[in-house]
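Chain by chain, the residues run as shown.
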Amino acid sequence: MNLSIHPLILLLIFPGGLFLLSFGLLYEWVDRKLVARFQNRVGPRWFQPLADAIKLLAKEEIIPNGVHKIMFLLLPIVAITGALTAALYVPMFGFNAAFSFEGDLIVVLYLLSLMTLCIGLAGANTLSRFTIIGATRALTQMFSYEAPFLLAMLGPAIAAGTWNIGKINAFAGENIWFILAQPIGFIVAVVGLMGKLELPPFDAPEAETEIVAGALTEYSGRGLALFHLGKNVELVIGLTLVVVFYLGGIANPLEFILKSAGLFLVVTALQSLFARLRIDQTVGLWWRLGALMALLQLLAIIFGKYLGEILR
Amino acid sequence: MSIGVLLGDLLKSLFSKPVTQNYPFKKSITPDLLRGKLVYDPEKCVGCMLCIKDCPSNAIELITVDKLNKRFVMRYHADRCVYCSQCVQNCRFNCLNMSNSEWEMASTSKEAFEVYYGREEDIALLLERAAQPGIDEPPCE
Amino acid sequence: MTKPKVEKFIVPIGPQHPALKEPGNFEFTVDGEIVTDAAVRLGFVHRGIEKACETRNYIQDMYMLERVCGICSHVHATAFVLGVEKLAGVQAPPRAEAIRVLASELERIHSHLLWFGVAAHEAGFDTLFMYTWRDREVVMDILETLSGSRVHYSVNVMGGVKVDLDDKTSDQIKKGMDFLEERTEYYMKVVTTDETFLGRTRGIGTLSRERVDLLGAVGPTARASGAQRDIRVNAPYSGYKDFPVKIVTDETGDLEARFVVRLKELYESYRLIKEILEKIQPGEITTRMKRKIPAGEVISRVEAPRGELFYYIKSNGTEIPERVKIRTPSLCNWGTITDVAVGHKLADMPMLLVGIDPCFSCNDRMVEVRSGSQTSQIMNWDGLRKYGIEYYR
């Protein structure tokens, strides 16, 4: 579906800006509630993430000694800006992307990596022992998960023959679902998504029992609230991307809700199923296995396309 | 060697009710032997003070109003008590027992934790005496 | 060629840290993720219990010593009471001893299930944490029905026990044990086959048998390396003479072995409890005991869930003990961490810490250090306070 709204409203209220932020809070609530139900608990009520965000915004922001003050204050803002901007090129909520051009897939992926980069920088900036270790782990994990994720996103792009997310969406809607045509790519994409978002079992950069809170230990008040909101928005965009590419595209809001809910259920189940992997285990596992699987999938697609050309 | 051994349990938990008890809307039945607040029956007491002797935290005080007629008032500090029930064990006349229904004793003021047990007129007499300036309390153990 | 200056990067775990449930300070020197050095500092929960014992009579002391630790409270009280009964020459009746053993084993089940949940949480496996603590509620309900309180059961009195076992409680215990046995089989399967969990526990923190003997480790930590140390088997006390246990050991000595040993001990406890419920004889539950304990010294050793618990009681003929000295099992096991830590990754440190099942509250007793060079100092209360304030300035 197409939307023609004034660009300012598009940016600030719907479907970007405020609506996206509240949708991020909704996703956080669903995530926490589902994980709680898997663990036989009740889980929080619907307004809990909103209450957390408001509480954090109301608290004093303490700037530790020895940090670069401007960077400390600016990094959360840059992080959430990157996440919100990426939303403009992705078909959110069943409507066409607000702005789209050829090659916007690459731009979106870079903007999403900006978030992780900001967390890593924030950790390195704050000179606490826990944050430095957390920053190192976050950046290491970024290296090992971004590459396979990009390769997995590349698969449907090659099959559709375009770099434009909107056109891939249309292509996926018309043809067979890519989850059936490229199953290995789907697995790589889901695992890569969980690694990017630092969801358990890949949450070594944020391991509560080893390094308190990782790179974000010294953040409080507004900075922490912005980082959390940024992470929620990244969750929304990441899930939407995987749905668009592998679960047959999104043509209207109803499809969006149903398909996202299905994928979310699978991701939450995977979250509760495993123990946390050590950082060397995550990197060791995925750098080899994940990249290999993604390359295999790409070769299969190229081969398939070549075959298709010959047979025509 | 297997991955995701918990999957069966996970799916079962998703479709069953959570085990969290919805307190305070739903309270479970307390067992009979629960050691809640101490309850004192002044009629049976002879004033032997054995309960006070072995209390680990000095939570009981027995004030003699009339020794010959065996009229005593017990001042029980619910915040000092550790609910060990040694006093119940020591008493040979069954004056003391720990309630199994009164166990929610949170309060926002300290006064709620100083409990007086005894006949009404004895307690009134004591409080009146204590309110007058310059009068010492009768000695309590 | 000059050696480059080595900068030490120390990661402190404690005194306040989400990995620890109680305060303790561990400083690990890391190089990237590999640990190169480890140091332990304790003493943050010192409460002066041994000194306080010297101003209260024996019965009050029993209740106070129960509160040294929340999870092993019954064994502390049992050790004390057994020692005092030995001094007074009194033997508690067989039914009382059986009920004491019943409470000890129930406490062991409670402690191991709690530990299992905490260990899963340290590994990042929150789902397993929630499941084991849900099953722990069954044991706590049983203990509440039996004794009246979920923690600090207070079943002991001088000369016996104060609660008795009736049929309804007996049935509830049997049903609880059957349920828990099924769940423990499931957990055993998880611990030994789940790949992610094994990645955190297999081959980590391996302690050889020689090191265990050298460092003097006790409890399941030592038994996981093959040492045959269990007071219930080596020197049976109280009801264990009538209801013997089998010792549970494992050969590997790594973290996985410690998990397996504790889970197998759970099976032993279930079997023992069912046996007690079947074979217990009706009878008295307490005997008379004088309040004044004759002079003498006694040593009392019992098997707490964490290892060997050691009590020394000295009496001088009055109602008030002269000296009570406690040596808790966790104190023996700290040495194993610093020994094994070097070479492992930082992420393994919380798992190693939890592998010995640390109980900091039990630990902080006073140790007298005699140094040849320095003369000893005696400070009174004000001096001590002043010293403490100025140390941090």
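Residues numbered from 1 in each chain as written. Chains lettered and ligands numbered in written order. Predicted model: local features only at pLDDT ≥ 70, side-chain atom pairs only at ≥ 80, totals over all residues. Heavy atoms only, no water.

J.: Mind showing me how you'd approach the overall build of chain B here?
T.: Counting its regular elements, chain B contains four helices and five strands. For a compact globule of 141 residues, the expected C-alpha radius of gyration is about 14 Å, and chain B comes in at 23 Å, more than 25% above that figure. Counting every position in chain B, which comprises 141 residues, the buried fraction comes to 38%. Summarising the internal contacts of chain B: among those between residues at least 6 apart in sequence, 67% fall at separations of at least 24. (Helix = DSSP H or I, 4+ residues; strand = E, 2+ residues; numbered from the N terminus. Rg over C-alpha atoms; globule rule 2.2 N^0.38 Å. Buried < 20%, exposed > 50% of the residue type's maximum accessible area, 1.4 Å probe, protein only. Contact = heavy atoms within 4.5 Å.)

J.: What's the story with the interface of chain C and chain A in this structure? I'm lost.
T.: In many reports, interface size means the accessible area that the parts give up when they come together. Taken together, the contact pairs 28 residues of chain C with 24 residues of chain A. Linking chain C with chain A are nine residue pairs in polar contact (both at pLDDT 80 or more), by the criterion used here. Elements with a contribution of two residues or more to the side of chain C that touches chain A: β1 (9-13), α4 (94-122), α5 (126-147) and α7 (195-201) of chain C. For the side of chain C that touches chain A, the leading source of residues is α5(C), giving five residues. Of the residues contributing to the side of chain C that touches chain A, the split by class is 15 nonpolar, six polar and seven charged. (Polar contact = N/O pair within 3.5 Å; in protein donor to acceptor, adjacent residues only side chain to side chain. Nonpolar A, V, L, I, M, F, W, Y, C, P; charged D, E, K, R; others polar.)

J.: Would you mind showing me how to read the pairing of strand β7 (residues 307-315) of chain C here?
T.: Strand residues, when the strand is regular, have side chains that alternate between the two faces of the sheet. Residues and elements named next belong to chain C. Here strand β6 (residues 296-304) pairs with β7 via nine bridges, running antiparallel. Looking at β7, one finds that E297 is bridged to K314. With five bridges connecting them, β7 and strand β8 (residues 323-327) associate as antiparallel partners. Looking across to β8, one finds that F310 is bridged to R327. (Pairing = 2+ DSSP bridges.)

J.: Sorry, what's going on with the side chain of S147(C) here?
T.: Along the polypeptide, S147(C) turns up in helix α5. Here the side chain of S147(C) touches S149(C) through a polar contact of 3.4 Å, landing on its backbone oxygen.

J.: Can you help me understand the nonpolar core in this one?
T.: Proteins that are soluble and globular tend to have nonpolar side chains buried together. Judged by nonpolar contacts, the single largest core of 133 residues is most densely connected at L65(C), F80(C), I109(C) and M177(C). Membership of the second largest hydrophobic core comes to 57 residues, among which are L105(A), F178(A), I237(A) and Y246(A). (Core = buried A, V, L, I, M, F, W, Y, C linked by side-chain atoms within 4.5 Å.)

J.: Just checking my understanding: could you explain a nonpolar patch on the surface for this structure?
T.: All names here are of chain A. Side chains of L8, I9, L11, L12, I13 and L18 sit close together on the surface and give an oily, nonpolar patch of about 570 Å² of accessible area. Sort the elements by how many residues they give to the nonpolar patch and helix α1 (residues 7-12) lands first, with four residues. Looking at the secondary structure, you find I13 in the loop between α1 and α2 (17-38). (Patch = residues over 30% accessible without salt bridge, like charges linked within 9 Å, V, L, I, M, F, W, Y side chains within 5 Å. Areas by Shrake-Rupley, 256 points an atom, 1.4 Å probe, with all protein chains shown as cover. Salt bridge = Lys/Arg side-chain N within 4 Å of Asp/Glu carboxyl O.)

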